[in-house]
Amino acid sequence: MLLKFSLLVLSRTTNSFQAGPRSYRAIATKLQTMATSTEVLSPPVARREEDRSVFAGVAPEGWDPKMPRQSNDSTETLLDPPVAVPDPYGWLRDDKRNNKEVLDHLKAENAYSQSMTKHLGQLQESLYSEFLSSIKETDFTTPRPKGEFWYYTRTFKGFSYKTYCRAPKASESFDIDWDGTKESPILPGEETYLDVNKLAEGKDYCSVGGVKVSPSKKLIAYAADFSGDEIYQLRVKNLETGEDVALKETGSDKLLEIDSVMWGKDDDELFFTTNDEQHRPCRMYQRKNWQSDEPTDRLLAEELDDLFWCSMYKSIDEKFVFFEASSKEVSEIFFLPLDDEHTASEMKLVAARRPKVLYEVDAGHGSWFLLTNVDKSPNMKLMTAPIQADSAAEWKLVEDADGNP
């Protein structure tokens, strides 16, 4: 008889730390400072808790029945009785990153590592300089049109982070007359609407993502992580006054933690996604009247299957918002119109998930446009369908001018 193993973690293990867009020089300098302040001649050894265990098999009495065990359609049995698996280092897991013993041990490991490699400092500096010499530090991205502005980002020599810029769009094309200096604008009338270098001042870590300009072009919403734990807070900046605020959970003083954000049909409406305990994006919310003392949040969609990674986006014509749940082999997308009549309605399916079928969708000219591998296609193909819910039966290949698919 085949046995299905399931690990019940009754203790915690450490999560990996990932550095954000900080310069190598800053990280190396910090580690070197740690090493010189405390000389470590022998490697730190974590203590063992010999009586700590995790169990593989059926859930022990009192185990939370909501804890994921195995796939709902699995026919395999679990070990019964469960088998204890030694976990002597389980005490090192600290999801809140505030256990002094764990933090002290990690600092000691970093200091020991730096003390053992300090003779490589000159080589590290040489490699860093060589790497930097191949990069154009003072640079800019290609301006992209949106509404009445051209939007682009800039980087400057000696600074670790980018700045977000825009310039008035006087015509449908532009000519760049830039002298290569950081003082010179890329386009006439350039303004910086978010300088991440200033945002990072006084902070050990800073990562910014998902910067979105509001429909009125007077506000921006963005996600910011100041801890390095990949936990992002939702912030909104007023471009006219410079006021920058972090949004909170409704009915709470706790900062709102999100994965991504975008604006709705006007400046009073925001959409955002949140993560589960494994930092998997899985829920999409609509927030109305975010500037008021009592904003309202509405859960629009949630994906409980942890095989699926979720995201949201606007259609290219900005008339719909989409919530996509996809795995390596299957995808499913919900939609919500952004007009006044439907913005309070429930999200509907473009097409229900089907085994081995992936698809992407956008809207334009009154139709869905889809990229999909439906019908066991070895490659993705372009299809179209009327804008309606459950449209799978209406998908048709896009034809060329001669009527050929």
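Everything here concerns the structure above.
Worth saying up front: this structure is predicted, and the values here are computed from it rather than measured. Position labels on residues start from 1 in each chain and follow its written sequence. With the structure being a predicted model, the display of local features is reserved for residues of pLDDT at least 70 and the display and counting of side-chain atom pairs for 80 or more, all residues being used for whole-chain, interface and lining totals. Each side-chain value is derived from all of the structure's non-hydrogen atoms; neither hydrogens nor water enter the calculation.

Engineer: Explain helix H2 (residues 100-117) to me, please; I cannot follow it from the model alone.
Structural biologist: Working note: α-helix, 3.6 residues per turn, so residues spaced by three or four point in the same direction. Note on conventions: DSSP H or I runs of at least 4 residues are helices, E runs of at least 2 residues are strands, and numbering of each starts at the N terminus. To estimate how far a helix should extend, the number of its residues minus one is multiplied by 1.5 Å. Taking 1.5 Å per residue, 18 residues should reach 26 Å; H2 reaches 26 Å between its end C-alpha atoms and fits that length. For every residue, the accessible area (1.4 Å probe, protein chains only) is compared with the maximum for its type, and the residue is labelled buried under 20%, exposed over 50%, or partly exposed between those bounds. Listed in full, the buried residues belonging to H2 are Val102, His105, Ala111, Gln114 and Ser115. Contacts described as polar in this section are N or O atom pairs within 3.5 Å, which, within protein, must combine one atom able to donate a hydrogen with one able to accept it, while residues neighboring in sequence count only if both atoms come from side chains. Two or three places before Glu101, at the opening of H2, Asn99 has a side-chain oxygen 3.0 Å from that residue's backbone nitrogen.

Engineer: For this particular structure, what's the right way to read the sheet that holds strand S25 (residues 367-372)?
Structural biologist: Where strands meet in a sheet, backbone hydrogen bonds hold them as pairs that are either parallel or antiparallel. Any two strands with at least two DSSP-identified bridges between them are counted as paired. Strand order in the open sheet formed by four strands is S24-S25-S26-S27, with antiparallel pairing between adjacent strands. Two strands lie at the open edges of the sheet, namely strand S24 (359-364) and strand S27 (396-397), each paired on one side alone. As defined by bridge partners, S24 adjoins S25 across six bridges and the pair is classed as antiparallel. By the bridge assignment for S25, Glu360 is matched with Leu371.

Engineer: It is not clear to me how a nonpolar patch on the surface should be interpreted in this structure. Could you clarify?
Structural biologist: On the surface, a nonpolar cluster with roughly 330 Å² of combined accessible area is contributed by Phe369, Leu371, Met380 and Leu382. Its place among the elements puts Leu382 in strand S26 (residues 381-386). Residues enter a patch when their relative accessible area is above 30% and they make no salt bridge; the linking distance is 9 Å between like charges and 5 Å between nonpolar side chains (Val, Leu, Ile, Met, Phe, Trp, Tyr). Reported accessibility uses the Shrake-Rupley method at a 1.4 Å probe radius. Residues are deemed covered only where the shown protein chains occlude them. Whenever a carboxyl oxygen of Asp or Glu lies within 4 Å of a side-chain nitrogen of Lys or Arg, that contact is scored as a salt bridge.

Engineer: Sorry, what's going on with the pairing of strand S18 (residues 281-288) here?
Structural biologist: For a regular strand, side chains alternate in direction, first toward one face of the sheet and then toward the other. Counting buried positions along S18 gives six out of eight residues, so the element sits mostly inside the fold. Pairing between S18 and strand S19 (residues 296-302): six bridges, direction antiparallel. Residue Lys288 lies in a different strand from S19, and its bridge partner there is Thr296.

Engineer: Help me understand the packing of aromatic side chains, please; the structure alone is not making it clear to me.
Structural biologist: How two aromatic rings sit relative to each other is set out by the distance from centre to centre and by the angle between their planes. Aromatic pairing here means that ring centres of Phe, Tyr or Trp (its six-membered ring) are within 6.5 Å. Orientation follows from the plane angle: under 30 degrees is stacked, over 60 is edge-to-face, and everything else is tilted. Within the structure shown, the criterion is met by 15 aromatic pairs. The interplanar angle of 20° and the centroid separation of 5.4 Å between the aromatic rings of Phe272 and Tyr285 together place this pair among those described as stacked. A residue pair is termed long-range when its members are at least 10 positions apart, and Phe272 in strand S17 (residues 269-275) and Tyr285 in strand S18 qualify at 13 residues. Each ring, one from Phe335 and one from Trp368, has its centre 5.0 Å from the other, and the planes form 70°; the classification is edge-to-face. Note that Phe335 is positioned in strand S22 (residues 331-337) and Trp368 in strand S25, a separation of 33 residues in sequence. Taken together, the aromatic side chains of Tyr313, Phe320, Phe322, Phe335 and Trp368 make up a single cluster linked through ring pairs. Above the plane of the ring of Trp91 lies Arg47, whose end atom (NZ or CZ) is 4.2 Å from the centre. Definition used: whenever NZ (Lys) or CZ (Arg) falls within 6 Å of the ring centre and also within 35 degrees of the ring normal, the charge is taken to sit over that ring.

Engineer: How do you make sense of the nonpolar core when you look at a structure like this?
Structural biologist: Nonpolar side chains in soluble globular proteins tend to end up buried together. Membership of the largest hydrophobic core comes to 17 residues, with the highest contact counts inside it found for Tyr193, Leu194, Val208, Val211, Ile220 and Tyr222. Elements with a minimum of two residues in this core: strand S8 (149-155), strand S10 (191-195), helix H4 (196-199), strand S11 (207-213) and strand S12 (219-225). For our purposes a nonpolar core is just a set of buried Ala, Val, Leu, Ile, Met, Phe, Trp, Tyr and Cys residues, chained together by side-chain atoms within 4.5 Å. Phe322, Val350, Ala351 and Trp368 belong to the second largest nonpolar core, which has 16 residues in total.

Engineer: I tried to follow the sheet that holds S22 on my own but got confused; where do I start?
Structural biologist: Taken in spatial order, the four strands make up an open sheet running S20-S21-S22-S23, and their pairing is antiparallel. Edge positions in the sheet fall to strand S20 (309-314) and strand S23 (348-351), since each of these pairs with one other strand and no more. Each neighbouring strand pair of the sheet contributes to a mean axis angle of 30°, computed without reference to strand direction. Inspection of the sheet shows strand S21 (residues 320-326) paired to S22 by seven bridges, in the antiparallel sense. With axes taken as lines fitted to C-alpha atoms, and helix axes fitted only over the stretch in contact, angles between N-to-C directions fall between 0 and 180 degrees.

Engineer: Is there a simple way to think about the environment of Tyr89 in this case?
Structural biologist: Looking at where Tyr89 falls in the secondary structure, it is placed in the loop between strand S5 (83-86) and H2. Assessed through its relative accessible area of 38%, Tyr89 is described here as partly exposed. A distance of 3.4 Å separates the side chain of Tyr89 from the side chain of Arg48, its partner in a polar contact.

Engineer: Teacher, can you tell me more about a negative patch on the surface here?
Structural biologist: Positive: Lys, Arg. Negative: Asp, Glu. His and the chain ends are not part of the count. Charge positions are represented by NZ for Lys, CZ for Arg, CG for Asp and CD for Glu. On the surface, Asp175, Asp177, Asp179 and Glu183 cluster together to form a negatively charged patch. As for its placement among the helices and strands, Asp179 is situated in the loop between strand S9 (163-168) and S10. A relative accessible area of 55% places Asp179 in the exposed class.

Engineer: How should the environment of Ser292 be read in this particular structure?
Structural biologist: Locating Ser292 in the fold gives a position in the loop between S18 and S19. For the pair Ser292 and Asp268, spaced 24 residues apart in the sequence, the C-alpha separation amounts to 9.3 Å. Separated by 2.8 Å, the side chain of Ser292 and the backbone oxygen of Asn289 make a polar contact.

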